[in-house]
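Single-letter residue listing:
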Amino acid sequence: MDLICFTHLRWNFVFQRPQHLLTRFARKRRVFYVEEPVFNATQNDYTIQRVPDHPNVFIVVPHLKNDLQEFERNLILKSLIDLLIINENIGSYFTWYYSPMSLSWSDHLNPEMIVYDCMDELSAFKFAPADLKSIEKKLMCLADVVFTGGRSLYEAKKSMHPSIFCFPSSIDKEHFSQARTISQEPEDQEEIPHPRLGFFGVIDERLDILLVNKLSVLRPDWHIVLIGPVVKIDPATLPHRENIHYLGAKDYKVLPAYLSGWDIAILPFAKNESTQFISPTKTPEYMAGGKPVISTSIADVVNPYGINGLVEIADSAEEFISAAEALLTEDLIEKRIQKADLFLANISWDQTYKEMADVLDEILKRKTISVTLKKIQHV
């Protein structure tokens, strides 16, 4: 079966959970990655583009006129999805949702199975649509299976669906372990003095900019490297000091090269509604790169990483400094790395994909048996 994914995330924005999973599902089927519409067209249509490194993945972007009412927009989007199915000769397929909001223009479809991969509590994010929670409830009712992107999210959602499974953020160990052996510094990082505390990821309302600022003030001899796009917040509100370095968004392929040059990797997340259920993929990525990690007390970082002594937990600038000073002078680096490697030994996106695929196979088998029994009873 083909897979049609409906998502709020642009494929070429940040390489994360959807890309890791769907490129693996694309090994055996075509994957149509349908992004949110862009309102820049003189004629309502869609574009489709094959992902260069993954020939079975197609990025589909609806392009709509800017002056449409909501009901008009949804009707047009439904017709464009129908057109996509006809043009690409999509026969048997299942749908995969990251964005509940997409249900408003895809609920007319007749897939073999509906999957909701709930990677975040989107309703808690900045600028979330007011009706997101109610539409998510509808999606939960329609979905055959629900996956969650972390333990705390699973605990919050487990009573909402009979077939819900927790699949926390995983790791591409081979990719990030390159950081242990790379010696060539990226040009925009090589002149930054040590010690360096680094972060890569989206810079938005989830980042504790007050913590970052105070840390830079209290330790002006330390340098903080922040890599990633700035979204949903005004860049002017970010702290700008000589020892804070914003290097912008970077391709996933080069992240290990930046990671290799850090002394400590950090997760300076704010403690607010938007971070209550996050499960940062970068936690195991930092560890695979052989770096010590300091994080604020995000639930899915504290458990399992903090309680197992794999990540230092600190919520204030003073606590960050104390933890960093200890890590910068540690004499048991190899022991820490061995402990991290042991923890990550059986964790990978390949394993997560395999376990998810097994769940889907079992659900499809049950649905097939159910349909067959109904036909027999009808006869």
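Higher on the page you've got the structure.
Presented here is a report on the structure given in the accompanying data block. Just so it is clear, the structure is predicted and the values come from calculations on it, not from any experiment. Here, residues in each chain are numbered from 1, in the same order as that chain's written sequence. Thresholds applied to this predicted model are a pLDDT of at least 70 for local features of residues and 80 or more for the giving and counting of side-chain atom pairs; totals over whole chains, interfaces and linings are not thresholded and use all residues. Hydrogens and water molecules were not included; the side-chain quantities draw on all heavy atoms of the structure.

Quick notes on the packing of aromatic side chains
Which entries qualify depends on this criterion: Only Phe, Tyr and Trp rings are paired, with Trp represented by its six-membered ring, and only when their centres lie within 6.5 Å; those with planes under 30 degrees apart are stacked, over 60 edge-to-face, the remainder tilted. Put simply, DSSP H or I for four residues or longer makes a helix, DSSP E for two residues or longer makes a strand, and each gets a number counted from the N terminus. Residue burial is assigned from relative accessible area. The probe radius is 1.4 Å, only protein chains are included, and a residue is buried under 20% of its type maximum, exposed over 50%, and partly exposed in between. In this scheme, Lys NZ or Arg CZ marks a charge over a ring once it lies within 6 Å of the ring centre and within 35 degrees of the ring normal.
This structure, assessed with the given rule, holds 18 aromatic pairs. A ring pair is formed by Phe32 and Phe58, whose centres lie 5.3 Å apart and whose planes are at 20 degrees; its orientation type is stacked. Separated by 26 residues along the polypeptide, Phe32 in strand 2 (residues 31–34) and Phe58 in strand 4 (residues 54–63) bring together distant segments of the chain. Residue Phe58 is classed as buried on the basis of its relative accessible area of 10%. Through a chain of ring-to-ring contacts, the aromatic side chains of Phe25, Trp96, Tyr98, Phe147, Phe165, Phe167 and Tyr353 assemble into a single cluster. For the cation-ring pair, Arg27 lies above Tyr353, with the distance from its terminal atom to the ring centre recorded as 6.0 Å.

As for the pairing of strand 2
Keep this limit in mind: Two strands qualify as a pair provided DSSP detects at least 2 bridges between them. We call a crossover right-handed when, viewed with both strands directed away from the observer, the connection leading from the first strand over the helix to the second proceeds clockwise.
What you see with strand 2 is no split at all: Val31 and Tyr33 on one side and Phe32 and Val34 on the other are buried throughout. The pairing of strand 1 (residues 2–6) with strand 2 spans four bridges and is parallel. Across the sheet, residue Ile4 finds its bridge partner in strand 2, namely Phe32. Since strand 1 and strand 2 lie parallel, the crossover through helix 1 (residues 17–25) that links them has a hand, and here it is right-handed. Pairing analysis gives four bridges linking strand 2 to strand 4, with the strands arranged parallel.

Observations regarding the nonpolar core
Selection criterion: Working definition of a nonpolar core: buried Ala, Val, Leu, Ile, Met, Phe, Trp, Tyr and Cys residues. They are joined through side-chain atoms within 4.5 Å. The criterion used for residue contact is that any of the two residues' heavy atoms lie within 4.5 Å.
If you look at the biggest cluster of nonpolar residues, it comprises 51 residues, and the most contacted ones within it are Trp262, Tyr286 and Ile294. Examining the composition of this core, we find that six residues originate from one element, helix 10 (residues 317–328), more than from any other. Ignoring sequence-local partners within four residues, the contact set of Trp262 consists of Gln189, Arg196, Gly198, Phe199, Phe200, Val225, Ile227, Tyr286 and Lys291. Among the nonpolar cores identified, the runner-up in size contains 32 residues, and Ile4, Ile90, Met140 and Phe277 belong to it.

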